Amino acid sequence: MTQNIYDDPEFFQGYSQMNRSIGGLDAAPEWPALKALLPSMHGLNVVDLGCGYGWFSRWAIENGAASVLGLDVSEKMLERARETTTAANIRYERADLEQLDLPACSFDLAYSSLALHYIKDLPGLFAHLYAALKPGSHFVFSIEHPIFMAPRNPGWLVDSEGNKRWPLDSYQLEGERVTNWLAEGVIKQHRTVGTLLNSLIDAGFSIRRVNEWGPSDAEVAAQPALAEERERPMMMLVAVQR
């Protein structure tokens, strides 16, 4: 079973204070780039993998989706999503993405934001999603970038002049990474870029777009703290088609 770190009280408390938890999609700096990868929502049946507070689920309905199934392993996340959702065509269910059980050819779009790096059997999930999507449908997701996840001891290295460098080690050594982020013992799964993309291809998907996200000049001007995100890619945005 996927580690349910979001139900850890310490982790959930820290997560709930993050800008993206308070401000939703518009507070996530990668959202404009991620939104650009999405098809029109009009009439789509959508599955939101790792739906969290339900921000994307609600956005999809507001932008014309016919229905959304939001899935998350965290009861705390689902409770918050249900509290803030009134649309009758959004359904939230508790599900472990490692053991996903969706009907075949049922969805027009699968979406996931920063959840897939927790999944150990990612090839299995991709294969199941391929079967659950209709021919011609889309799968769009963000995931922590392998360069960001690879180090055994992640964290900026700062020289005497204040310049930052990201320590890249163990890149080719795929597998579990344990970090202390918001709580101790958070487990993520590191894969190389090649492994990630080839797993999608092996599942049958066609890759449409890959974005190693970084902030634009305008975004850095508006939020100077984002400048450090140009020193290394923190996340990848990927769009594929069945």
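Computed from a prediction, not measured in an experiment: that's the story for all the values here. (Residues numbered from 1 in each chain as written. Predicted model: local features only at pLDDT ≥ 70, side-chain atom pairs only at ≥ 80, totals over all residues. Heavy atoms only, no water.)

J.: Provide a residue-level description of the overall build of the protein, including the pertinent values.
T.: For the protein, the count of helices and strands is nine helices and eleven strands. The C-alpha radius of gyration of the protein comes to 18 Å, within 12% of the 18 Å expected for a compact globule of 242 residues. For the C-alpha atoms alone, the extent of the protein along its principal axes is close to 55 × 40 × 35 Å. When each of the 242 residues of the protein is scored for burial, the buried share is 48%. Put simply, of all contacts in the protein between residues at least 6 apart along the chain, 65% involve residues at least 24 apart. For the protein, the computed accessible surface area is about 11400 Å², with 49% contributed by carbon and sulfur atoms. Charged side chains of the protein number 21 positive and 31 negative; the gap between the two group centres comes to 3 Å. (Helix = DSSP H or I, 4+ residues; strand = E, 2+ residues; numbered from the N terminus. Rg over C-alpha atoms; globule rule 2.2 N^0.38 Å. Buried < 20%, exposed > 50% of the residue type's maximum accessible area, 1.4 Å probe, protein only. Contact = heavy atoms within 4.5 Å. Areas by Shrake-Rupley, 256 points an atom, 1.4 Å probe, with all protein chains shown as cover. Lys, Arg positive; Asp, Glu negative; His and termini not counted. Charge placed at Lys NZ, Arg CZ, Asp CG, Glu CD.)

J.: Lay out the side chain of Asp48 in plain terms, naming residues and giving numbers.
T.: Within the secondary structure, Asp48 sits in strand β1 (residues 45-49). Buried and unpaired, Asp48 has Arg58 as its nearest opposite-charge partner, separated by 8.4 Å. At a separation of 2.9 Å, a polar atom in the side chain of Asp48 contacts the side chain of Ser57. (Salt bridge = Lys/Arg side-chain N within 4 Å of Asp/Glu carboxyl O. Polar contact = N/O pair within 3.5 Å; in protein donor to acceptor, adjacent residues only side chain to side chain.)

J.: So what about the layout of surface pockets? Which residues, and what values?
T.: Empty space within the second largest pocket amounts to approximately 150 Å³. A total of four residues in the lining of the second largest pocket trace back to one element, the largest contributor, which is helix α4 (residues 55-62). Of the residues that constitute the lining of the second largest pocket, the class distribution is four nonpolar, two polar and three charged. (1 Å grid on protein atoms, 1.4 Å probe; cavity = no way out; pocket = protein on both sides within 12 Å on 5 of 7 lines; lining within 4 Å. Points joined across faces, edges and corners; volume = space filled by probe spheres on them. Nonpolar A, V, L, I, M, F, W, Y, C, P; charged D, E, K, R; others polar.)

J.: Lay out the sheet that holds strand β2 (residues 67-72) with the relevant residues and their values.
T.: Taken together, seven strands build an open sheet; the order of strands is β3-β2-β1-β4-β5-β11-β10 and the sheet is mixed. Looking at strand neighbours, the two that pair on one side only are β3 (90-94) and β10 (206-212), the edges of this open sheet. Adjacent strand axes in the sheet meet at a mean angle of 15°, parallel and antiparallel pairs treated alike. Two elements, β1 and β2, share five bridges in a ladder whose sense is parallel. Within β2, the position partnered with Val47 by the bridge is Leu69. The strands touched by helix α6 (residues 122-132) are β1, β4 (107-113) and β5 (133-144); relative to β5, the strand with the most contacts, the crossing angle is about 145°. (Pairing = 2+ DSSP bridges. Axes fitted to C-alpha atoms, helices over the stretch in contact; angles between N-to-C directions.)

J.: Break down the UniProt feature "domain: Methyltransferase type" (unreviewed entry) in the protein for me, citing the residues and quoting the values.
T.: When the UniProt feature table is mapped onto this chain, "domain: Methyltransferase type" (unreviewed entry) is found at residues 47-141. Secondary structure over residues 47-141 splits into 29% helix and 32% strand, and the C-alpha atoms at its two ends are 12 Å apart. (UniProt positions renumbered as here; feature names shortened; annotations may be inferred.)

J.: Give a description of α4 that names residues and reports values.
T.: Along α4, six of the eight residues are buried, which leaves the element largely enclosed by surrounding structure. When we look at burial in α4, the residues that qualify are Phe56, Ser57, Arg58, Trp59, Ala60 and Ile61. Of the surrounding elements, those touching the buried residues of α4 are α3 (31-35), β1, β2, α5 (75-83), β3 and β4. A positive backbone phi angle near 105° is found at Gly64, which sits one or two residues after α4.

J.: Give a description of the side chain of Asp108 that names residues and reports values.
T.: Residue position: Asp108 is located in strand β4. Within the local environment of Asp108, its side chain forms a polar contact with the backbone nitrogen of Asn45, the two atoms lying 2.7 Å apart. At 3.3 Å, the side chain of Asp108 and the side chain of Lys134 are in polar contact. Aside from chain neighbours lying at most four places away, what touches Asp108 is Gly43, Leu44, Asn45, Leu133, Lys134, Ser137 and His138.

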